[in-house]
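Topology and contacts: notes
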Amino acid sequence: MKYSLLTATLMAMALSACTEAASGQTATVAPAVASSAAPAVAASAPLVVGLPDFTGLVEKEGKAVVNISTTQVIHNNRPQIQGFGGDEGGDDPFELFRRFGFPVPRGQAPNQQPREQKAHSLGSGFIVGADGYVLTNAHVIANAEEIIVKLNDKREFKAKVIGSDARSDVAVLKINAKDLPTADIGSSAKLKVGEWVVAIGSPFGLENTVTAGIVSAKGRNLPDDNYVPFIQTDAAVNPGNSGGPLFNVRGEVVGINSQIYSQSGGYMGLSFSIPIDNAMAIVEQLRATGKVARGRIGVVIQGMNDDLAHDFGLDERRGALVSSVEADSPAGKAGIKAGDVILKFNGQPVEESADLPRIVGETKPGSKVPVEVWRDHASKTFDVAVAELEAAATGRSAEREYHKGEDKESSIAHLGLSVRPADAQLLDKLKIKYGLQITSANGAADEAGLQAGDVIIGVGVEDVKSVSQLSDTLAKVKPGHTAALRIRRGENTLFVSIKAPEAVGKADE
């Protein structure tokens, strides 16, 4: 027998009343009207109402999205073994065993003639000119011998590369077609974190795939990508999406999908796009000259941390710390030195060290700009004549200063450092005049991250010219305070902040 929910509720209430009456208690019914003592709380208006409908956007803007397939010929010079595996010229099936030391028979004499293999790859792009100009990633068409652009209406065209820039990962193609649908270009500067975005492309070759997400962050600096402040989103992007557009809800392109973070090779919620404002500046140069001219000033920089900011007398962590300056570079000629902290370049603030390469790169070569640096606890400004990046000189080997007989190891015990003058061969290799090679690092030196083999070349802005100078300088560092050591580690120059140990009091006897 079935009961309704209302019937079951009434029966439960009746049973409850009977139980209370049986126990001698009086059942009371609360009035339905709310007490005047409890004021009503006004409901706040929701910040998010409903979900966006992307159908109109996809129908209109999806026509400008294209599929890009490339072909490149790979010349394989690896010797081929004949007589194994059934096919003439096949790879030796025993090679893997042989690498691990198993005694297996050899085939006939290797065929040394190279084989040509064709490699194919897929990507995406979008039309920016009705006369056939297409925008995509540089890595999508890198080393391609043939590029085919497939339109939304299934027509296919061979494409010509107008220009490609690996540093920004932007490329411009041209196909022989007219009256094409074009994507509306928006502004990445107006894009806000939390805003809805849509990616359209060809992940894994699946054409016209639409995914959506939100802007997770702006201005992301990725390793080895110093010229692009990436837009981070959680829109699903996979291999094949590269070069495709990222739209805002108004149907405007705000980015070019370029990279993903993945431990599996597929989407993991972290997608990165090139801001369209940066990309279009590159496009203008590629269409005009086929290449991109970038500025350079000839400095090597590193990021600031709290200890280094304190060492150099800054009230907060900001700017780009100059760890070395190239000989005869624009920065060197202007007077900028290692140990300077660049705070502004051509009026633009440098909040993070990664900001500087992008700002300098966007500066027109040949222009003279003011550069504000922090030196000796004060702000100074230098006028730097910006050179062109591609015209960078190789730099000559520095004249060394090595004094024969200066090869004894010395210890700076309270910091756990043991050093000795770098020999002539190492000085030549590093192209420096003088340095102290660390032979062991313990205690404070180890905690600072110093390693045996590092070469100390300076303290702060001062160059190190002797063991005694280094010892005297570090002896002046008060307990609990830090000093910035300028070191060479391989080909890199960087500052490391080392902290002098706190003074230890005598134990009571």
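The coordinates are above.
So, here is what we can say about the structure in this document. Bear in mind that the values here come from a model prediction, so they are computed numbers and not experimental data.

**Examining the overall build of the protein chain**
Each helix and strand counted, the protein chain has eleven helices and 29 strands in total. For the protein chain, the proportion of its 509 residues judged to be buried stands at 40%. Summed over its atoms, the accessible surface of the protein chain is roughly 28900 Å², and 51% of this surface lies on carbon and sulfur atoms.

**So, helix 5 (residues 276–289)**
A rise of 1.5 Å per residue sets the reference length of helix 5, with its 14 residues, at 20 Å; its end C-alpha atoms lie 20 Å apart and thus fit the reference within 8%. If you check which residues of helix 5 are buried, you get Ile-276, Asn-278, Ala-279, Ile-282, Val-283 and Leu-286. When helix 5 is viewed along its axis, its buried side chains cluster within an angular range of 145° and face the same direction. Along helix 5, exposed side chains directed more than 90 degrees from the buried face belong to Glu-284, Ala-288 and Thr-289. Remark: Gly-290 follows helix 5 within two positions and exhibits a positive phi of approximately 85°.

**Brief notes about the packing of aromatic side chains**
Counted under the stated rule, the structure contains three aromatic pairs. Note on Phe-312 and Phe-495: the rings are 5.4 Å apart at their centroids and 85° apart in plane angle, and the pair reads as edge-to-face. On the criterion of sequence distance, the pair formed by Phe-312 in the loop between helix 6 (306–311) and strand 17 (320–325) and Phe-495 in strand 29 (residues 492–499) is long-range, its members being 183 residues apart. Exposure class is identical for Phe-312 and Phe-495. Each is buried.

Cut-off values and rules
Every chain begins its residue count from 1, and numbering advances along the sequence as written. In view of the model being predicted, local features appear only for residues whose pLDDT reaches at least 70, and side-chain atom pairs are presented and counted only at 80 or more, with totals across whole chains, interfaces and linings using the full set of residues. To obtain the side-chain values, all non-hydrogen atoms of the structure were used and water was disregarded. Runs of H or I in DSSP of at least four residues are treated as helices and runs of E of at least two as strands, each being numbered from the N terminus. Relative accessibility decides the category of a residue: with a 1.4 Å probe and only protein chains considered, values under 20% of the type maximum give buried, values over 50% give exposed, and everything between is partly exposed. The protein chains shown are the only cover counted for residues, whose accessible areas, like all others here, come from Shrake-Rupley with a 1.4 Å probe. Here the expected span of a helix is defined as 1.5 Å times the quantity of residues minus one. Of all possible arcs, the one meant is that of the directions from the helix axis to the C-beta atoms. Here the aromatic set is Phe, Tyr and Trp, taking the six-membered ring for Trp, and pairing holds for ring centres within 6.5 Å; pairs whose planes are under 30 degrees apart are stacked, those over 60 apart are edge-to-face, and all others are tilted.

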